[in-house]
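# A structural walkthrough
Spelled out from the first residue to the last, the chains are:
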Amino acid sequence: MQTPAPVDYVRATSVADALSLLQQHGDEARLLAGGHSLLPMMKLRLARPEILVDINDLDELRGIRVDGNEIVIGAMVTHAEILNSPILFEHYPIFREAEKVIADPIVRNKGTMGGSMCQADPAEDLSAVGAALRGTVVIQNAEGRRTVPMREFHEGPYETKVADGEILVEVRYPILPGSGSAYEKVERRSGDWAVCAAGACVTISGGVFSSVGIGIGAVNAEHFTATGAEAFLVGKEPTAENIATAAQMAADSCDPSADQRGPADYKKHLAMELTKRALTRAAAAAVAVHLTKNGA
Amino acid sequence: MTAVQEVPISAGGNPIGFGSMKRVEDQRFVRGQGNYVDDVNLPGMLHSAILRSPWAHARIKSIDTSAAEALPGVIAVLTGKALEGIPRPSLLGDNFAWMPTLSYDTQAVLATDKVRFQGQEVAFVIAESRYIAKDAVELIDVDYEPLEPVMDAKRAMDPGAPVIRDDKGQTDNSITDVHGHKTWESGNAISTAEAIARAEADPNCVVVTQEVMYPRVHPAPMETCGSVAHMDKVTGQLTLYTTSQAPHAHRTVYAMVAGLPEQKIRVISPDIGGGFGNKVGVYPGYVLSILGTIVTGKPVKWIEDRGENLMSTSFARDYHMTGKIAATKDGKILAVDVDVLADHGAFNGVAQPTNYPAGFFHIFSGSYDYPDAHCKVTPVYTNKAPGGVAYACSFRITEAVYVIERLVDCLAAELGMDPAELRLKNLLKPEQFPYTSPTGWVYDSGQYEKTMRVAMEIAGYDELRREQAEKRARGEYMGIGISFFTEGVGAGPRKDMDILGLGMADGIELRVHPTGKAVLRLSVMSQGQGHETTYAQIVAHELGIPPEDIDVVNGDTDQTPFGLGTYGSRSMPVSGAAAAIVSRKVKERARIVAAAALECSPDDLEWELGRWSVKGDKERGKTIQEIALLSHSSLELPEGVEGHLDATAVYNPPNLTYPYGAYICVVDVDPGTGVVKVRRFIAVDDCGTRVNPMLVDGQVHGGIADGIGMALMELIAFDTDGNNLGGSFMDYLLPTSMECPSFELGETVTPSPHHPIGAKGVGESATVGSPAAVVNAVMDALAPFGVRHADMPLTPSNVWRAIQGNPIRVDMAIE
Ligand SMILES: Cc1cc2nc3c(=O)[nH]c(=O)nc-3n(C[C@H](O)[C@H](O)[C@H](O)COP(=O)(O)OP(=O)(O)OC[C@H]3O[C@@H](n4cnc5c(N)ncnc54)[C@H](O)[C@@H]3O)c2cc1C
């Protein structure tokens, strides 16, 4: 049996209540969402907050909805809800592809979008997706709300722009009509964290890429993305050659370290291979959308 | 002898004898009503936690326990120094800081001088709750002086290597067994060397040499190890609830270790949540819980957490093997020689019969007909956790099967011959049984070619090869891997096989109550295999009592006769035989009672399932239930029966049994990512008579999953600082249903001629046979890249690196 160090527990009744509890307890307090990252660390005594502020009752943080030309995902939306969301699947199949390979059904039933983002594990999948889709993170504190682009959200491994006394309330994604998206991940076993993962979201018009988003996880890509490769592709035809060049550029911009998931040369290779595969499938999907629209 | 006969069905819907039936124990397991060691809660029970070493090799300069002792709720803190102060009235050392291992080595209960592996036991806290005990562990201050750790078995014997066992006055890291040997050899070294030399000189022959490593893995049972010890001060009786696969052997060891009178020790193994060899050894934690109850006078519970289980209890394998196989160019195998460097960790704690310090590795000559074989095993100490048992591998037959099956595939590649054809050419023929192998094993029975052909037929082997050729032409990489394995299981005979001097034979008792219901008491111990079901079926088969009328008791030394327990697939070969024999004794007693009741001579009676009747007059007879009542009635019993039908037996096996099988695995490899997908797995097992075919299938399913796990992901590696890199389930990967295809099983049935019901045991067959099939399949897929071998586990990075011609050294940290 694993035993966490002594800890207090309180259940917040609203976001405002949670914020005031956080303020009251300072940096000894931690929010408890799905608990699938925090509780294991507490059981191993790698984390020892003095008080847990449980935000599972906060319905204001739940739900996936369309708001104007954005899709909004609440912080307390679970992985399982993202996996099964028809709205997300319609606009961004990348979510379903990524969620299928995040952890296992038990973790997905409890683990949340907000918890994943704030845990900010370097191999976290939704961060790679968020980078590819150029989402915007909404953070709330006692003073009010502020927004941070996904691509500026991470400060480093396990560090984000969410400060003590703040709550991530939602992430907003711009809807890109006609886009194609895809996610690729290599794991040693289903349910394991990524050895490397890559996602892509592209639009094509006039036979060339009109927008390109690349997200790369687990290989120390700056802000989970590869801006050089993106810039290279915009305005270019979606040929195998162009995609391969971009994938190589993306891989070159990563700086993976060796661990038991694999040596650095392999991870770098994967960054190339998976970016290539994700871009290829995303481009095919985008073209398909385009053709359907033309044909209709 | 076989399951071909018609089996009657009981009122409860079960076969009265052999046949598939659901496990009776599942009623409680699927309802969450099992009773495991951690479910045991005694009045006044205290809890405990162990402080473990963060270092792999360090001198202990001082330990300060004062802050821990001052924590409210802490009852006692024990250290190695404290244990050194407790004199032990036994021959096995003079104090409690050290204990004997199952291999006649010594192991620290709590470290005194040095710590010798990361996770080693350093201090033991007893407290009112597990939480307080853990809090107190953090307050213990140990001053360590780190020493250079020896993590690479290949370096352990270097002249300059740090000496790990200076406590024993050693000057190097060699291991000496109880017979004084530093290496363990088997077979004929000279004739094998000569045969290989002849082949090397002969243009019509080839010799293939291949290094293969079977890296360190862990049994990783769902339930970790633990115990609840209770010394009753009034009666002097020690009761130990414990996760043990061998409760009787453990009781004797405790009597020796603790110097307690054996009749005052009761060991109870309640439900066990998986063993796989992990629960054969005696761990410091068990001993500490006993010392804890002696010191405090209260029951003391000790339960490992997952990390403790993975880091400190018995690993398996860790064999670095170099094999040589010689053959003629047309594929007739001539000789095999294997040299092994065996990493035993910091204490030689491997469980195996005393005369077999490398376990049954010497059966490596495999299923093939050739005259010359030899192996040499050199064991070394390293700063890794000690080995409890050669897990789920019939005492290292997994390593043996792996090396020979890899060598045969390497030979096939060298000869450009189909690996199935090469095997068919060399398999032993039915008429060669009983067959004495070049290393001296006497295989009991087998129809190897038949079994192989059944597997090839299920697989559609020729069609698979056609598909593979087409795919290769398209640049797709599928692989087909074969493993043909023979095990030797069911240790003893006792004259040849013992553990710590305890002969490997097993007792049994069968009681038949007046109403004809029965209780069978076993010495072997279920860890989930379904003993409560299968052993009742054996009695049913022999006596005609419905299985639902028979209770099977195991795990409590006060309720069961002495025996050596369950591991190495020995339950069915040993206690399965005992169950048949004790039932036959009951049947003979019943015959005498029936004859008295029917007023005839016992010789005039004949048996049909469940009933003795007069020859030629079937109407006149008594059922076993009627006879049971008569045996307790006022009936005048003849000479030779005083009453009741009960009987006891001890089964001392005349030989091992030799289950075998043919496995075929089909994989698809993505060369861009190195990801391996196991597409199909065909397993045709011949384990002799199948008492419960459904449970046989279950054992095979579990074993294949395990084999896929070992082949593709399971691993305990270490970095050069001595850190264990497999200490959690995030790091030690076990396979899930997602990695396993739907298994395709087949069977042939070749009964063991010397076993009373012809059964051979199947507990480990699939674990033993499957890793080689998976690895052979992946290597077959990679053949177009010129890859002949890469070591397990074949993780994506390892496969990709193999394709690059630069495979990973798997036992050390990836750099
Ligand atoms: C076995 C296993 C496998 C996994 N595999 C994967 C995988 O393959 N890919 C992957 O991406 N993830 C994986 N995960 C991680 C999983 O997705 C995360 O654990 C989980 O989603 C984190 O969310 P949670 O709701 O459980 O967060 P919690 O554990 O409750 O919280 C995590 C951290 O975030 C903080 N936090 C939570 N919500 C907020 C908020 N709204 N605002 C500010 N801070 C907040 C908490 O205080 C805490 O510090 C795996 C986890 C497990 C246990």
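Since we're looking at a predicted model, the values are computed, not measured. (Residues numbered from 1 in each chain as written. Chains lettered and ligands numbered in written order. Predicted model: local features only at pLDDT ≥ 70, side-chain atom pairs only at ≥ 80, totals over all residues. Heavy atoms only, no water.)

### Some remarks on the domain arrangement of chain A
Residues and elements named next belong to chain A. By the assigned domains, chain A splits into domain 1 (8-54), domain 2 (61-174) and domain 3 (180-290). Spacing between the C-alpha centres of domain 1 and domain 2 amounts to 19 Å. Contacts between the two partners involve 12 residues from domain 1, matched on the other side by 15 residues from domain 2. If you sort the residues of domain 1 by the area they bury against domain 2, V15, L19 and H36 come out on top, with a joint share of 44%. Taken together, the connections running from domain 1 to domain 2 amount to zero salt bridges. It is helix 1 (residues 15-25) that contributes the most residues to the side of domain 1 that touches domain 2, five residues altogether. For the side of domain 1 that touches domain 2, a count of residues per class yields seven nonpolar, four polar and one charged. (Domains from an automatic or database assignment. Contact = heavy atoms within 4.5 Å. Buried area = accessible area lost by both parts, 1.4 Å probe. Salt bridge = Lys/Arg side-chain N within 4 Å of Asp/Glu carboxyl O. Helix = DSSP H or I, 4+ residues; strand = E, 2+ residues; numbered from the N terminus. Nonpolar A, V, L, I, M, F, W, Y, C, P; charged D, E, K, R; others polar.)

### Quick word on the interface of chain B and chain A
Contact with chain B, which involves 35 residues of that partner, is made by 28 residues of chain A. Interface of chain B and chain A: buried area, both sides summed, is about 2,500 Å²; carbon and sulfur atoms make up 56% of it. Counting across the chain B and chain A interface gives five salt bridges. Our count for the chain B to chain A interface comes out at 12 residue pairs in polar contact (both at pLDDT 80 or more). (Polar contact = N/O pair within 3.5 Å; in protein donor to acceptor, adjacent residues only side chain to side chain.)

### Focus on the site of the ligand
Residues and elements named next belong to chain A. Around the ligand, a shell composed of 31 residues is seen, among which L31, G34, G35, S37 and T112 lie nearest. Residue G34 places a main-chain N or O atom 2.6 Å away from an oxygen atom belonging to the ligand. S116 has a polar side-chain atom sitting 2.7 Å from an oxygen atom of the ligand. For the ligand, whose free accessible area comes to 960 Å², the fraction covered by protein is 93%. The set of elements that each furnish at least two residues to the shell around the ligand consists of strand 2 (29-32), helix 7 (113-119) and strand 10 (167-174). (Near = heavy atom within 4 Å. Areas by Shrake-Rupley, 256 points an atom, 1.4 Å probe, with all protein chains shown as cover.)

### A short note on helix 6 (residues 189-201) of chain B
Residues and elements named next belong to chain B. Relative to the 18 Å expected for 13 residues at 1.5 Å per residue, helix 6 spans 18 Å between its end C-alpha atoms, a close match to the ideal helical length. Here helix 6 has its buried residues at S191, T192, A195, I196 and A199. An end-on view of helix 6 places all buried positions within 135° of arc, on one side of the element. Seen from the buried face of helix 6, the exposed residues on the opposite side, beyond 90 degrees, are I190, R198, E200 and A201. As for helix 6, its buried residues are in contact with strand 10 (205-214), strand 15 (319-328), strand 16 (333-343) and strand 17 (372-380). N-capping of helix 6 is provided by N188, with a side-chain oxygen placed 3.0 Å from the backbone N of I190. (Expected span 1.5 Å × (residues − 1). Buried < 20%, exposed > 50% of the residue type's maximum accessible area, 1.4 Å probe, protein only. Arc of directions from axis to C-beta.)

### Considerations on helix 19 (residues 796-803) of chain B
Residues and elements named next belong to chain B. Of all eight residues making up helix 19, eight are buried, and the element is well covered by its neighbours. The complete set of buried residues in helix 19 reads P796, S797, N798, V799, W800, R801, A802 and I803. Among the residues trailing helix 19, G805 stands out with phi positive, at a value near 80°.

### What to know about the nonpolar core
Across soluble globular proteins, nonpolar side chains show a tendency to be buried alongside one another. Core analysis: the largest hydrophobic core is formed by 172 residues, its most contacted members being M321 and F361 of chain B. Per-element accounting of this core gives the leading share, 12 residues, to helix 10 (residues 397-415) of chain B. Both of domain 2 (41-147 + 228-264 + 280-300) and domain 3 (315-491 + 655-803) of chain B provide at least three residues apiece to this core. With residues near it in sequence (within four places) discarded, M321 of chain B still touches Q210, E211, V212, Y214, V338, D339, V340, F361, E399, Y402 and V403 of chain B. Counting 53 residues, the second-largest nonpolar core is a separate cluster that includes A131, F153, V162 and F224 of chain A. (Core = buried A, V, L, I, M, F, W, Y, C linked by side-chain atoms within 4.5 Å.)

### Some thoughts on the sheet that holds strand 25 (residues 550-553) of chain B
All names here are of chain B. Here four strands make up an open sheet; going across it, the order is 25-24-23-29 and the pairing mixed. Each having just a single partner strand, strand 25 and strand 29 (647-651) make up the two edges of the open sheet. Averaged over all adjacent pairs, the angle separating strand axes in this sheet is 15°, with direction ignored. The strands touched by helix 14 (residues 531-543) are strand 23 (506-512), strand 24 (518-522) and strand 25; relative to strand 25, the strand with the most contacts, the crossing angle is about 130°. (Pairing = 2+ DSSP bridges. Axes fitted to C-alpha atoms, helices over the stretch in contact; angles between N-to-C directions.)

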